Structure formats: structure tokens, C-alpha cells
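An overview of the molecular structure
Here's the letter readout for the chains.
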Amino acid sequence: MALWFARLCLGLVAGFVGALHAAPTLQAEAAASRRADLAALQSDLESIRREAGVPALGVAVVDERGIAWVAGLGQARQQPPQAADAATMFRVGSVSKLVLSVAVMKLVEQGRLDLNAPLRQLAPDLAFDNPWEASHPVRLVHLLEHTTGWEDAHPSEVAFSAPEGMSLTEALALRPATRKSRWVPGTRTAYSNLGALAAAHVVARVAGMPYERFVQQAVFDPLGMVHSSFFEDERVRRQGAELQAANRPGLPLPYARMADWPSGALNSSATDMARLLQLLLRRGATEQGAFLAPASVQRMETPVSNLGAAAGVRAGWGLGNESSGFGTSGRAFHGHDGALEGGISRLVYEPALGVGYVLLQSNDDFDAFFRLSRRLHQHLLKGLATAPALPEQALPKVLQDVNGWYLHITPRRELTRFSEDLMELSRFEPVPGGLRQRFLLGGEQRFLAQGGETLVSPDSGLPTLARVNDPLVGDSLQVGANTFQPVSSLRVVGLLALWGGGLVLLPLLVLSGVVMAVRRLRGRAGALFGPTVALAGAATMLGATLLAGPLLGGGDADFGRWTWTSASVWLGGLGFAVLTALTPPLLWRTRGRITTRAGRWGRLLLIVASAWLLGLLAYLLSYGVVGLRTWV
């Protein structure tokens, strides 16, 4: 017996020692595989750039040794020609929020800021509306984790061209009404650039200096970020990449002066972004020593201030830092993406592997960006075995009765809630070992039971789905940063009838109007001419409203000022409402005037179409999107 026990102990010790040696060996083999892949990566990225017509890229790859590769590809400027290089400055968009979070954590470590401090206390001059302020105040952490309940910036705020020298106080005064909590702060998550703007205002007040000066002194200078600026200064004019809209190649866009510049206006180079990436991978350390505590970096990566986080969800938004997966790699990546008219960016890293990349692009071709990013992700995972399938486990008791339709209840903007109700509508249903989320309009994802009350995403390996009790709607599911409320099948059928009917009725109504107009020219229109033309006009106006963005340009810059796009949404919506309201009295007037069987069938079909349009009008009016002036 003693001999058997001794052999068992020796076996366990040997296995443990072997595991300790195996992990570094696997990591070393993966690192060697990445280094061997580096030349192919560079060639592939350049091929994709050329094929897609992307003017310029800034790229950096960082691994356990440091910056493995940093470069600029393509032409930063056309006239006079200027090749992109590692120092070329790109607009990095919302990646700017990572800089903000680093600045906040510096003040937290210095004891000058508390993440849980109420915003009213930190910035009493800042106007915002929180109906639950007495019991659930908006706190600094909510600004950075997007849990204030505020909407994202209104299109008119995004399109606003800030005058030179505009202060944060002036920027925050543009549209205070947008800063209204739609639900109890600290319960749900919805991305909002306004939270970052308010947080930068707090940083400036606490630091006793303009935000940009504090960031320069506390972040850029210590990290050696010498090609980074929030404004169009001389460095940007000399080394900045010209941005281009993907649908207007060869035409440089004017420099966009953003009012909420701390949240998305940073200009930076691939080299500077690589230095920021190194800081995060080294868990707050630089070559000169400690810059942030490792716990501060981990805090940036960890969601805390929503109901899902309290239940154990670790996917979603930390402090300006989002977690994500890749395929079914089971790897948790962190970082931030950025996008503005003419530019896209990404900084992403995997702390456990000690690898990451920066991708900066000088046009807004998202298809090209996703191809480039996919290749970079594949490089980071080069040499690593595919994550083994997670073993099947029984669903936790708290989730065993989840089986039905769920509505997304955390839209970024109320303006687009009506469309998100359809696009994010999902069915959650049990599958072996977990739950499956199937979107009504296509696509699905799975979440697997792993012993606790939260379900894990095979894409990231993080606890991602939990059942929560929302104080306003009750029983809900949180999936990453999104919250879903159960809805009845009747509501789903109603949505399908409203929107699905449009796929058939809209083109038929427009065609009927054309046919009736031709008959009118030939003197054969008949009694149904009026209601047919009115319905065809209503259908045309509705189409103009819904298709204005895709056909004419649908960015915030187009909706946020008077353009053909915003005018089409406004006038099309009004025309749709007026003509739809006219059709019932016009159809009423045709009573007794239709004598043929075909005419009676035609009238019946028009009545059905009129009822459908009236239902859709009522639906859109309930969301306040009919006759919407998006530029106001």
C-alpha cells in the first residue's frame, strides 16, 4: 500500500514538473512560428491593401520580445506624394479612450480620483439628468464602462465642426439633453462617447489643467509617444495621413474637428500606438520601470459596473477597454476599435500570450479592414493548437427554463431603436451543454455551461452570459455588454408582419402606382386611381426614408447636418405619414363605385395594403422617428 502511494505521489510530481516545462516549450514554439510568419504577414497585408485600394496603413506587431514589426504601407499623401512610414500619424478614433483610461488610472493610483465617486461631486458644473440620482448616482466608473444609461452622441453633435480652442465645458454645453439616463445607472451597458467626454472633463478638473496638457505630461511624454496629438497641429499637417471615404477614392477629406475630441480625435502613429500596446502587455511596466500597477491594467480590462458583471460575466466593457474573441480560439483579446469618416483603427492584445497588434487605416473600407485584421489575428495565434472543445456540462438550474424570444434593450441611440428591435431580435434555446442564440435575421452564437451560473463563450473563453434581474423590466439575459428582455411570440409575429410585409407590398404598391398612372394617361384609370396613387406615393416615401442612408451616404456626418440624406429622412417620413393617412378616406369614397369582380378584388387588396401601412405608421410614430430632423 505504501509503495503504491509513493509511486502515485512520484507520478503526480513528475506530471506537474512536466507541465511546467511543457508550457514554456509550447510558448517558445508559438513565438518561433510567429517570427517565421512575419515576412509572409507583411506581404499579405500589402497585397490586401493594394487589392482593396486602401491608400495607407500603419501597422505594428508586438510580442514577448517587444515591437516585432512596425511600419507604414502605401501613400500617406497624394499631392505631393508622401509614403507612409512608422511615424505617419493616423486618426485613431475611439482608440483614444484607452489613453483616457490610462490617464484616469494614473490619478487613481495617486489617490486623486476614486472610480466610485459620484459625477455630481466630481463635476458639479456638468449638466445631466438621472431620475435615479438619489439612490443610484452616476459615478466615474459608469462613464468609462458605458453604464450611465446615456445615449451615444446625437448626429448633430458628431457632425459639429468644433472651432479651434473650443473647451471641454463648451463641448459639453452643446446638447445636455442627450445626457439622460434611460435606465438605472450601473445596471445595463450601452456605448456612449459622451461618457468619455465627461470623464475627460473630470480629469481636467482634478488635474487642474487642460485635459490635453495633462495627457501630454502624464502619458505621452513618459511613454515616448512623440507623434501623438488631439488637434491639427504642425506635426499632423506635416506627417498626418490624408483620410478618404471608401466610396470617393482619391478625394482627401478635410480634417474633422470633433467637439468630443477626448473620446475619438487622437492622431497617432503606429510606433506610438505600439508603445501604448507594450504598456498594456507588460502589465503597466515600461523600459524605465513601473508606470501603472498590474492591478490597474487588469482593472481596465474587467467589467464591474453592470448586473452581468455582478453575476460573474467577464466579457464586455472594462474601463475604455473591450474584451473580444476570435473564431473559436477560446482566447480573450482586449483593446479598442475606432472609426470615423475616412479612417478605421484597432489596438488589440492577448495578455496571456503577451502579443498584440495595431492597425491604422486611412479610409473607411470596412471589408478591407476586417480582412487585414483577420490576418493579423491569425498571426498572433500562429503555432498554437486549436482550442480543445469544452466538455459538455449540464445547464445551471437558473438557466434551464430559458427558451424563447428576446428583445435587445440597450440600444446606443433611441433614434435607431426601431431598427435594432428587429435586427437584434433573438431566440435563445437550449442545446447540448449550453444555450444557443439565433438572430431573427440570420447568424447564431453558442454559450457553454462550465460549472457556474454563467455560460462561457467558446470564442473568448470568458464567462459571457448570465441571467439578471433588471430593476425596470425584471427577468433578463446579459450577453457580453448587451441585455435582452423576453418577449412574446405574438410580438415577434407582429414585427415580422410589419417588416416582412414590406418586402412584398412596397414594390407591388410602387408598381401599381406606375400602372395606374399609365392607365390614367389612356383614360382608363377608374375609381381606384386616387387610393392607388396615394398608396404608391406612401410606399415610395417610406422607401426614400429607409434607403436614404445606404443610397446617399449614411454616416453621422450626413445625418447630423442638412444634406440630401437628412432631408430625405425628414421629408420622406412626413410624406409617408400624410399619404398613408389619406388612403382610408380615399378608399371610403370608392364604396359602391366598383362594379367588376376584378375591381372589387383590387379594392380589397388596397384596403389590406392601407391597413398594413397604417400599422407601420403607428409603429414608427411610437418610436418618434417620423418626420425626424436629425440635424437639429
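Below: a short report on this structure. Quantities reported herein were computed from a predicted structural model and do not represent experimental measurements.

Conventions and cut-offs
- Position labels on residues start from 1 in each chain and follow its written sequence.
- Thresholds applied to this predicted model are a pLDDT of at least 70 for local features of residues and 80 or more for the giving and counting of side-chain atom pairs; totals over whole chains, interfaces and linings are not thresholded and use all residues.
- Where side-chain values are given, they derive from all heavy atoms of the structure, hydrogens and water being excluded.
- In this analysis, strands are considered paired if DSSP registers two or more bridges between them.
- Per the convention used, a helix needs a DSSP run of H or I reaching at least four residues, while a strand needs a run of E reaching at least two, with both numbered from the N terminus.
- One fewer than the residue count of a helix, multiplied by 1.5 Å, yields its expected span.
- Exposure classes here rest on a 1.4 Å probe applied to the protein chains alone. A residue is buried below 20% of its type maximum, exposed above 50%, and partly exposed in between.
- Just to be clear on terms, a salt bridge is a Lys or Arg side-chain nitrogen sitting within 4 Å of an Asp or Glu carboxyl oxygen.
- The term nonpolar core refers to a set of buried residues drawn from Ala, Val, Leu, Ile, Met, Phe, Trp, Tyr and Cys, joined through side-chain atoms within 4.5 Å.
- By the convention used here, residues are in contact when the closest approach between their heavy atoms is within 4.5 Å.
- Each axis is a line fitted through C-alpha atoms, taken for helices only over the stretch in contact, and angles between the N-to-C directions span 0 to 180 degrees.
- Oblique is the label for any angle not covered by the other classes, which are roughly parallel (under 35 degrees), roughly antiparallel (over 145) and roughly perpendicular (65 to 115).
- The distinction between a cavity and a pocket rests on a 1 Å grid over the protein atoms alone: a 1.4 Å probe fits inside a cavity but cannot get out, while a pocket stays open yet meets protein on both sides within 12 Å along at least five of seven lines, and a residue with an atom within 4 Å of a point counts as lining.
- Grid points are joined across faces, edges and corners, and a volume is the space filled by probe spheres set on the points.
- The classification used treats Ala, Val, Leu, Ile, Met, Phe, Trp, Tyr, Cys and Pro as nonpolar, Asp, Glu, Lys and Arg as charged, and all other residues, Gly among them, as polar.
- We call two N or O atoms a polar contact when they sit within 3.5 Å, provided that within protein one can donate a hydrogen and the other can accept it, with sequence-adjacent residues counted only if both atoms are side-chain atoms.

**Focus on the sheet that holds strand E1 (residues 56-63)**
The seven strands lie next to each other as E3-E2-E1-E12-E11-E10-E9, forming an open sheet whose pairing is antiparallel. If you trace the sheet from one side to the other, it starts and ends with strand E3 (82-83) and strand E9 (322-324), each paired once. Relative to strand E11 (residues 343-350), strand E10 (residues 333-340) runs antiparallel, the two being bridged by seven bridges. In the sheet register, Leu-340 faces E11, and the bridge partner there is Gly-343.

**Comments concerning helix H11 (residues 270-281)**
Taking 1.5 Å of rise per residue, the twelve residues of H11 would be expected to cover 16 Å, and the 16 Å separating its terminal C-alpha atoms lies within 8% of that figure. Across the twelve residues of H11, eleven count as buried, placing the element largely inside the fold. Within H11 the residues assigned to the buried category are Ala-270, Thr-271, Asp-272, Met-273, Ala-274, Leu-276, Leu-277, Gln-278, Leu-279, Leu-280 and Leu-281. Where H11 terminates, the next one or two residues include Arg-283, which has phi positive at roughly 55°.

**Some thoughts on the pattern of salt bridges**
Counted under the stated rule, the structure contains 29 salt bridges. Across the pair Asp-37 and Arg-375 runs a salt bridge, and its minimum N-O distance is 3.0 Å. Remark: Arg-375 occurs in helix H14 (residues 366-380) and Asp-37 occurs in helix H1 (residues 2-52); sequence separation between them is 338 residues. Comparing Asp-37 with Arg-375, the two get one shared label, buried. Across the salt bridge formed by Arg-346 and Asp-337, the nearest N and O atoms sit 2.7 Å from each other. Taken together, the shared-partner salt bridges in this structure form one network comprising Arg-427, Glu-429, Arg-436 and Arg-438.

**Quick notes on the nonpolar core**
Counting residues in hydrophobic clusters, the biggest one holds 80 residues, and the most contacted among them are Tyr-211, Leu-276 and Leu-347. Excluding residues that lie within four positions of it along the chain, Leu-276 makes contacts with Leu-98, Val-99, Val-102, Leu-223, Met-225 and Leu-347. If you look at the next biggest cluster of nonpolar residues, it comprises 35 residues, including Leu-407, Leu-587, Ile-594 and Leu-616.

**Remarks on the packing of helix H2 (residues 96-109) against helix H8 (residues 211-223)**
Where H2 meets H8, the closest approach of the two axes is 10 Å, and the angle between their N-to-C directions is 75°. Our classification of the angle between H2 and H8 gives roughly perpendicular. Mapping the contact onto sequence places Val-99, Leu-100, Val-102, Ala-103, Lys-106 and Leu-107 in H2 and Tyr-211, Phe-214, Val-215, Ala-218, Val-219 and Phe-220 in H8.

**Quick word on empty space enclosed by the protein**
Under the defined criterion, the tally for this structure stands at one cavity of 30 Å³ or more. Approximately 50 Å³ is the volume found for the largest cavity. Of all elements in the fold, only H1 and E1 reach the threshold of two or more residues within the lining of the largest cavity. At three residues, H1 tops the list of elements feeding residues into the lining of the largest cavity. Taken together, the residues that form the lining of the largest cavity break down as three nonpolar, one polar and three charged.

**With respect to the sheet that holds strand E6 (residues 267-269)**
Pairing is antiparallel across the open sheet formed by three strands, whose spatial order is E4-E6-E5. Each end of this open sheet is capped by a strand with a single partner; those strands are strand E4 (89-91) and strand E5 (228-229). The pairing of E4 with E6 spans three bridges and is classified as antiparallel. Note on E6: the bridge partner recorded for Arg-91 is Asn-267. Along the sheet, H11 contacts E5 and E6; its crossing angle with E6, the most-contacted strand, is approximately 85°.

**Some details on helix H12 (residues 294-301)**
Among the residues of H12, Ser-296, Val-297, Arg-299, Met-300 and Glu-301 are the ones counted as buried. On its buried side, H12 packs onto H2, helix H4 (140-145), H11, E10 and E11.

**Quick word on the environment of Asp-272**
Relative to the helices and strands, Asp-272 is located in helix H11. When the C-alpha atoms of Asp-272 and Met-225 are compared, they prove to be 4.8 Å apart, with 47 residues separating the residues in sequence. Within the structure, Asp-272 has its side chain in polar contact with the backbone nitrogen of Val-226 (distance 3.1 Å).

**What to know about the pairing of strand E19 (residues 474-479)**
Of all six residues in E19, five are buried, a share of seventy percent or more. The pairing of strand E18 (residues 463-470) with E19 spans six bridges and is antiparallel. Note on E19: the bridge partner recorded for Arg-467 is Leu-477. As consecutive antiparallel partners, E18 and E19 are separated by three residues. Bridge analysis of E19 against strand E20 (residues 482-487) gives three bridges, and the strand direction is antiparallel. Within the sheet, the bridge partner assigned to Leu-477 lies in E20 and is Phe-484. Linkage of E19 to E20, two consecutive antiparallel strands, is achieved through a turn of two residues, within which Gly-480 is found at a positive phi near 60°.

**What to know about the side chain of Thr-147**
Here Thr-147 shows up in the loop between H4 and helix H5 (155-159). Within polar-contact distance, the side chain of Thr-147 engages the side chain of Ser-305 at 2.8 Å. Residues in contact with Thr-147, not counting those within four places in the same chain, are Val-141, His-142, Pro-185, Gly-186, Arg-188, Thr-189, Ser-305 and Asn-306.

These figures capture arrangement, not role.
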